[in-house]
Amino acid sequence: MEIFVYRPGADKVEEGFTVDQLAELLPDKSLTIWVDMHKPSEDDDHVLLDVFKFHPLSVDDCRADRHHPKVEEFPDYLYFILHGVTAKTDSEQFTTIELDGFLGPNFVVTYHHEEFRSINSVKQTVRSSPVACQRGPAYLLYQILDQLVDFYTPVLDDFDESIVKLEDEIFSLMTPDNSILEQIQNLKRSILRLRRISGKQLNILYRISHGDFKLISPEMMPYFRDIHDHLVRITDLAESYRDLIGGALDSYLSVVSNRTNDIMKVLTIFSAIMLPLTFIAGLYGMNFDNLPELHFQYSYFIVIGIMATVAIGMLAFFRRKGWLGTPRKREKS
Amino acid sequence: MEIFVYRPGADKVEEGFTVDQLAELLPDKSLTIWVDMHKPSEDDDHVLLDVFKFHPLSVDDCRADRHHPKVEEFPDYLYFILHGVTAKTDSEQFTTIELDGFLGPNFVVTYHHEEFRSINSVKQTVRSSPVACQRGPAYLLYQILDQLVDFYTPVLDDFDESIVKLEDEIFSLMTPDNSILEQIQNLKRSILRLRRISGKQLNILYRISHGDFKLISPEMMPYFRDIHDHLVRITDLAESYRDLIGGALDSYLSVVSNRTNDIMKVLTIFSAIMLPLTFIAGLYGMNFDNLPELHFQYSYFIVIGIMATVAIGMLAFFRRKGWLGTPRKREKS
Amino acid sequence: MEIFVYRPGADKVEEGFTVDQLAELLPDKSLTIWVDMHKPSEDDDHVLLDVFKFHPLSVDDCRADRHHPKVEEFPDYLYFILHGVTAKTDSEQFTTIELDGFLGPNFVVTYHHEEFRSINSVKQTVRSSPVACQRGPAYLLYQILDQLVDFYTPVLDDFDESIVKLEDEIFSLMTPDNSILEQIQNLKRSILRLRRISGKQLNILYRISHGDFKLISPEMMPYFRDIHDHLVRITDLAESYRDLIGGALDSYLSVVSNRTNDIMKVLTIFSAIMLPLTFIAGLYGMNFDNLPELHFQYSYFIVIGIMATVAIGMLAFFRRKGWLGTPRKREKS
Amino acid sequence: MEIFVYRPGADKVEEGFTVDQLAELLPDKSLTIWVDMHKPSEDDDHVLLDVFKFHPLSVDDCRADRHHPKVEEFPDYLYFILHGVTAKTDSEQFTTIELDGFLGPNFVVTYHHEEFRSINSVKQTVRSSPVACQRGPAYLLYQILDQLVDFYTPVLDDFDESIVKLEDEIFSLMTPDNSILEQIQNLKRSILRLRRISGKQLNILYRISHGDFKLISPEMMPYFRDIHDHLVRITDLAESYRDLIGGALDSYLSVVSNRTNDIMKVLTIFSAIMLPLTFIAGLYGMNFDNLPELHFQYSYFIVIGIMATVAIGMLAFFRRKGWLGTPRKREKS
Amino acid sequence: MEIFVYRPGADKVEEGFTVDQLAELLPDKSLTIWVDMHKPSEDDDHVLLDVFKFHPLSVDDCRADRHHPKVEEFPDYLYFILHGVTAKTDSEQFTTIELDGFLGPNFVVTYHHEEFRSINSVKQTVRSSPVACQRGPAYLLYQILDQLVDFYTPVLDDFDESIVKLEDEIFSLMTPDNSILEQIQNLKRSILRLRRISGKQLNILYRISHGDFKLISPEMMPYFRDIHDHLVRITDLAESYRDLIGGALDSYLSVVSNRTNDIMKVLTIFSAIMLPLTFIAGLYGMNFDNLPELHFQYSYFIVIGIMATVAIGMLAFFRRKGWLGTPRKREKS
């Protein structure tokens, strides 16, 4: 648990307070207090219950992980759950990390089991300059959430790259491949998850930025509206990725079906050329006593000629049907 | 019919009352009375009508099973129907069990034809400690519903497992199989049902937890909001299962189409190699008097060589087309 | 035109009034009058216009059939159109029959061109006991509509049966069959129609049961809410039938595609076994002067052995690919 | 420009006024004036601007064609754009024709570039009897719009017929045919357009008939509600046509896929019967010195017998698989 | 930065002011000031912050590109982001260009990094006549936005053309072609983007034209409603293009599937004719000592006759099945 306290007029944010000091500081409504609980212990939970007097259910919600984003107004504070995202090394997956938090008239509490790059970044800012705290806890919260949402961007970029890579793979596919299908399904799932998560956070930031809560003063709203706008863009991007990945599935299925078509063509061309030739050969392999052609001197060569004619005729027929030759070149390249 | 009565200040919840005693206790608004009717008889229905004076239609609704979740406010009480789920032994199916109930200013009535693990569990709690009753009937109801919703979780876990198993089966499928299709359709149907059911309950808990009913005091709302949040998570999970199962159907269809493609390839490779060879053999099986190649000494061996060349050429052609060899390895494993 | 009049306190509902008597009775607001017009004549329309003084457009709507369900409030009465359903002999079709009606402060008018089993049933009730009329015209209307909606149930059961029968047919399908497809399309269309119709009626009963109209007193609302709940269940069932029939179409398409796959396999197995054998036979049918194998004593038997080996090897190859044998047994049966 | 004026109490609608007379008549609020502008000239536009004093943007909207239906309230008048439909000779297409109009306290202005059968029909009515004008301009407008919407019906009937014809064609289809596909796509497009157009007009008539505009008095609303109901039915029909045409596409694709299946079956049956027979023939065409069967007296006949057995066995095998014979008869015909 | 100032009563719009002059002019509420910032420098941003006193977040939004359309009301001004579109040379792509702007009681500020043809066009108008400025800044803004939306039309026309071209290509397709698929996917993506963008702008113009903002007076609303109507038409067109392109994808897939069907037919016809003939030839190529037909004088000719009969019979069979001949002609051409 790290405690930051800004006293109005001070030129520095103070640190290193104890829980007892915190209890003394809390009643002073002029301060801006930030309590960050990383990997919180049971003691920390007691601080929430006994020092801050939060509702037991809120504290339960904090402790249990994997909740959905939400924001709840209590008489004295605002409780919220939001999620950050971290890209794993392979871009088809991402993890959401949960940030619980409380906003009071003079404090912000952040509570999280995982490390948040956004929170570390705001801590550094706070340590170097008191500006972030000078405008009160709502502004401090704005800075934390702004950072949180900023870290969505690299994850989106990863998706973008994955989809482009996938589409290239699909169009250069030589043989149907279940692994492509699995990649598509995985990406789709991840994007749906991202959309769901950002959609829910959107909802919460909409409520925060449109005057639902009295702890967010009208002057603060434009800032939260800014985060809201950023999330709108993210959700929109996720939405368009969903279109892209849906198109990729269509493309994959169509490419596979084109491949089958190609295979059929090869089979048909071979069969249609070879079967008549084999038949002609069979014809003169018959052992009839009276099969006059067998005894003409140039029969063999004539038959060879007929065979060549048939084969060439067939090839001409297939060429006319457009089955020979490479597929039409892409018009734009 | 089991009757539990908690008198304020008592250190134990009393049990074993008769219907007559119940009629005497009801007017005392300071008590917390819980009447649980399991496999209710006609007499029980009369208690609802005559002792509690519930509306005849509500009692009719109780008696008839398979209603949809709902909550209705009557001048003196709240009538609700909610559903629990029980997983059958095979995870593709689940049963919903109906819980009817009434909440009054000093009583909770639960009415059900099937055994509810959640109700048994609350009974045990009530017998061991009066805490659950000390905060009035709404809190008691919260505990019952909280348990009810908790028992959804194992059902969801079963679904999760079934889907994962199914997907593995699909990707290791050697031959198209209608039974897989049936499993997918069954799972999809169950998930749709689960979603519908949880969605409806969600709706009801939203109304309970957002101040629609005067019997739920504002202090109780956070508790019901907690159940609501839990149901939101369940509905959301069901929603994502629907995506998963939809993806599984796509995968199945695509895997089947890939198999057809594979079969076509085998057919094409065999035909394309064998037909020319057979033709060549047929050529020299012709009985022309003048077929000069027949009489050269090494013709046979030359022809065998040509045949080998054709076969190898064909194989090279198919290898270049990527039709030979095992499908590309999965890149990630 | 049948007229039923209940005078408060009477122990019987009177019948057999004339239009003139009706005009005299109407001003007495304490009565409960039910006028049922079956296959109404022009005279009946004039009664509506001249005796009841209904709006000409309402009477026009009555006369014209095939309207959509609706409810309209006029200063003195409520005009509604609702639909009953009748199952035809073949369960893939059902007919809707239109019931027009008016509810006034002391009367109910029902107007229909087709016979309604629900109305006949209420008539019988009314004749045997005045209970249905004792609580005023709104309660009488409730009873008529309740019966009307009850008769939806057998139609739904028919659908249920049809779908189950269809699914069995699909999974036991030996050859693709357009008639199955037509059945699916017909059922789908019927279910969509049922859903649309019940959905619209739902809407109307919602308005009736939620206090939109002053002629429905608050005490009557729970009764109409009951019909509304019943319709909710019907709509919901229709919705789930739509899912089922959608799944049936998917299944049909997939079963057809599996059949094609089966046919391909048979073709491939035959071709792949026979083509090499034929080639070998062709090889030794060549007429080269110098074809040494022809002259060894056991050549023929060796070649037969080679052929058998090739055939067995092919079969082993296809067995390994899982193409031979019956499809995997259903795991659950 | 045709001008109709009805003076209260008159027994005839007067005609043949000039623009100047119009300007004099307009201030008399007791009249009912109808100005119909067919293929309006620039002068007509000036009348709208200078005599009626309409907003320049409204007049611009009139002049430009192909607007979307809308209704706008201005302080002194209501401006609306609605669309009629005309079926072209080929039923897959229909044209919408735009009707612009203004409703004032004592006038209706209709403005259109194309001929409207509905307007001609109302003109005839007006000329033969003043009834249509006696109830004021709103009632006159009702009559025009009622006629306009009535003319949708033949277009819908055309669609109905086209779809039925198309479905018959699909199920009797012998060979896949892109022209069917094109017809489906064209019909679908037309129906979507019709639905969009009627849906928008619906919206406007809803607003007109539900008291949004002060120029439509409550007594007039039931009339406009009647048109609204008619449009609801049309939109609903268009909606169900969309389902039908969607089903037709599914049917077409499935019929094509069944045809492919049929072709495959023919191919497989031929190959599977002929390849073994050819192999057997090839076997005894081999030239081994020692091929004992060649020298038995009845070998040939035995081999012919074996061949017949193989062929019959194959046919039996395919019959058992259900591949032979005509597809199952339709159960209902 | 270009500054235009119109003084009421002047017959010309003045130009060429400096930032300092601007600061002096701004307090005069009777003026109409237009400041256009093209490729704005840092200094321009300072003008926004220091002279106009806009909120820092608005100025940040201006600077950063690729925002979503939005409109925000601040106490003294309205901030909006809208997008114009420019067609690239290849019609499958279009670029959106962002226009930021501010509307105050006596000024309009336009801020953009790219060149806007619409703004240039309004500048020309303003220079030639003061009319555009005489009705205040809201009317000036209307003119800018009207032009902006007008430039959407050529882009839509391009789409129209591309789709028509694509459909022609699809129906004349001889061989499946991934590049067509890519074109479809690209067009679809572009249309979805266009729809999204126009949909969002629609939303904003709805708010502007329906009295959400006090800076837009009721007299100005019809003008903005006009732009709104125009955008409705554009969005509607984009929507119908989406239907068209979806239909094009269906058509493409169906055309490919028809091609496969054609190929299958060719293969089947060849195989079914050639295999029996080859078998017959093989039959009389057998070397049995006792094969009586071999020794009849006319055997060969009889066998040739039989072969011809079989071949003709097959052709008749396939003709009856409708597999021969060209596909049915398009009925309408």
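Residues numbered from 1 in each chain as written. Chains lettered and ligands numbered in written order. Predicted model: local features only at pLDDT ≥ 70, side-chain atom pairs only at ≥ 80, totals over all residues. Heavy atoms only, no water.

(A) Quick peek at the arrangement of the chains. Without any contact between them, chain A and chain D keep their closest C-alpha atoms 9 Å apart. In this view chain B stays clear of chain E, with the nearest C-alpha atoms of the two still 9 Å from each other. (Contact = heavy atoms within 4.5 Å.)

(B) Structural detail: the interface of chain B and chain A. Each partner contributes residues to the interface: chain B has 56 residues there, and chain A has 61 residues. Interface area for chain B against chain A, summed over the two sides, is near 5000 Å², with a carbon-plus-sulfur share of 60%. At the boundary of chain B and chain A, one finds seven salt bridges. For Arg 196 of chain A, the salt bridge identified is with Asp 243 of chain B, shortest N-O distance 3.7 Å. Scanning the region where chain B abuts chain A turns up 16 residue pairs in polar contact (both at pLDDT 80 or more). Those elements giving two or more residues to the side of chain B that touches chain A turn out to be α7 (152–171), α9 (221–283) and α10 (299–320) of chain B. Examining the composition of the side of chain B that touches chain A, we find that 32 residues originate from one element, α9 of chain B, more than from any other. Its residues assigned to classes, the side of chain B that touches chain A comprises 23 nonpolar, 15 polar and 18 charged. (Buried area = accessible area lost by both parts, 1.4 Å probe. Salt bridge = Lys/Arg side-chain N within 4 Å of Asp/Glu carboxyl O. Polar contact = N/O pair within 3.5 Å; in protein donor to acceptor, adjacent residues only side chain to side chain. Helix = DSSP H or I, 4+ residues; strand = E, 2+ residues; numbered from the N terminus. Nonpolar A, V, L, I, M, F, W, Y, C, P; charged D, E, K, R; others polar.)

(C) Main features of the interface of chain C and chain D. Contact residues are listed per partner, giving 60 residues for chain C and 56 residues for chain D. Counting the surface lost from both chain C and chain D, the interface buries some 5000 Å², and carbon and sulfur atoms represent 60% of this. Viewed at the interface, chain D and chain C are joined by seven salt bridges. Between the two partners, chain C and chain D, sit 16 residue pairs in polar contact (both at pLDDT 80 or more). Of all the secondary-structure elements, those providing two or more residues to the side of chain C that touches chain D are α3 (56–63), β4 (70–73), α8 (178–209), α9 (221–283) and α10 (299–320) of chain C.

(D) Focus on the pattern of salt bridges. Summed over all chains, the structure comprises 99 salt bridges over all chains. Between Glu 167 of chain B and Arg 189 of chain A there is a salt bridge, and its shortest N-O distance comes to 3.4 Å. One end of the pair, Glu 167 of chain B, is in helix α7; the other, Arg 189 of chain A, is in helix α8 (residues 178–209), on a second chain. Classification of Arg 189 of chain A as partly exposed rests on a relative accessible area of 28%. (Buried < 20%, exposed > 50% of the residue type's maximum accessible area, 1.4 Å probe, protein only.)

(E) Inspection of the nonpolar core at higher detail. The biggest cluster of nonpolar side chains holds 340 residues, and the ones touching the most others in it are Phe 224 of chain A, Phe 224 of chain B, Phe 224 of chain C, Phe 224 of chain D together with Phe 224 of chain E. Discounting chain neighbours no more than four positions away, the residues touching Phe 224 of chain C are Ala 138, Leu 141, Tyr 142, Leu 145, Leu 205, Ile 208, Ser 209 and Ile 216 of chain C. Counting residues in each nonpolar core, the second largest holds 130 residues, with Ile 280 and Leu 294 of chain A together with Leu 277 and Ala 311 of chain E among its members. (Core = buried A, V, L, I, M, F, W, Y, C linked by side-chain atoms within 4.5 Å.)

(F) Region of interest: the environment of Lys 321 of chain E. Relative to the helices and strands, Lys 321 of chain E is located in the segment after α10 (299–320). You can call Lys 321 of chain E partly exposed: its relative accessible area is 29%. Residues Lys 321 of chain E and Thr 260 of chain E, spaced 61 residues apart in sequence, show a C-alpha to C-alpha distance of 17 Å. The contact partners of Lys 321 of chain E, leaving out residues within four places of it in the chain, are Met 174 and Val 266 of chain D.

(G) Up close: the relation of the copies chain B and chain A. Between the two copies, chain B and chain A, the superposition gives an RMSD of 0.1 Å; the rotation angle is 72° and the shift along the axis is 0.0 Å. Overall, the copies show the geometry of a five-fold rotation axis. Taking C-alpha positions as reference, the residue of chain B nearest the rotation axis is Gly 285 of chain B, located at 4.5 Å. (Least-squares fit on C-alpha atoms with pLDDT ≥ 70 in both.)

(H) Structural context of the packing of aromatic side chains. Overall, the coordinates contain 90 aromatic pairs over all chains when judged by the stated rule. Between Tyr 300 of chain B and Phe 288 of chain C the ring centres are 6.3 Å apart and the planes differ by 55°, which places this aromatic pair in the tilted class. One end of the pair, Tyr 300 of chain B, is in helix α10; the other, Phe 288 of chain C, is in the loop between α9 and α10, on a second chain. Of the two residues examined, Tyr 300 of chain B and Phe 288 of chain C, each falls in the buried class. Ring-pair connections join several aromatic residues into one group, and the members of that group are Phe 52, Phe 54, Phe 74, Tyr 77, Tyr 79, Phe 102 and Phe 107 of chain A. The side chain of Arg 135 of chain B reaches across the aromatic face of Tyr 139 of chain B, ending 4.8 Å from its centre. (Phe/Tyr/Trp six-rings, centres within 6.5 Å; stacked < 30°, edge-to-face > 60°. Lys NZ or Arg CZ within 6 Å of the ring centre and 35° of its normal.)

(I) Molecular detail of the pairing of strand β6 (residues 94–103) of chain A. Residues and elements named next belong to chain A. Counting buried positions along β6 gives eight out of ten residues, so the element sits mostly inside the fold. Sheet analysis places β6 next to strand β7 (residues 107–112), joined by four bridges and oriented antiparallel. The residue bridging Leu 103 from the neighbouring strand is Val 108, located in β7. Counting the residues between successive antiparallel strands, the hairpin from β6 to β7 contains three residues. (Pairing = 2+ DSSP bridges.)

(J) Spatial organisation of the pairing of strand β1 (residues 2–6) of chain E. All names here are of chain E. Within β1, four of the five residues are buried, leaving the element largely enclosed by the surrounding structure. Alignment of β1 against strand β3 (residues 32–38), held across five bridges, turns out to be antiparallel. Residue pairing across strands places Phe 4 opposite Trp 34, the latter belonging to β3.

(K) Focus on helix α2 (residues 42–51) of chain E. All names here are of chain E. All of the buried residues in α2 are Asp 44, Asp 45, Val 47, Leu 48 and Val 51. Along α2, the residues classed as buried sweep out an arc of 165° about the axis, all on the same side. Those residues of α2 that are exposed and angled more than 90 degrees off the buried face are Glu 42 and Asp 43. Those residues of α2 that are buried lie in contact with α1 (19–25), β3, α3 (56–63), β6 (94–103) and β7 (107–112). Following α2 by one or two positions, Lys 53 has its phi on the positive side, about 60°. (Arc of directions from axis to C-beta.)

(L) Geometry of the confidence of the model for chain A. Scored by pLDDT, chain A has a mean of 86; 95% of the residues are at 70 or more. For the stretch residues 326–333 of chain A, pLDDT sits under 50, and the model shows eleven contacts to residues farther than four places along the chain or on other chains. (pLDDT = per-residue confidence, 0-100.)

(M) View of the relation of the copies chain C and chain D. With an axial shift of 0.1 Å and an RMSD of 0.1 Å, the rotation relating chain C to chain D amounts to 72°. Here only 17% of the interface residues in chain C have copies in chain D that are interface residues too; the copies meet through unlike faces.

(N) Fine view of unusual backbone geometry. The backbone of Lys 53 of chain B sits at a positive phi, close to 60°, despite the residue not being glycine. Locating Lys 53 of chain B in the fold gives a position in the loop between α2 (42–51) and α3 (56–63).

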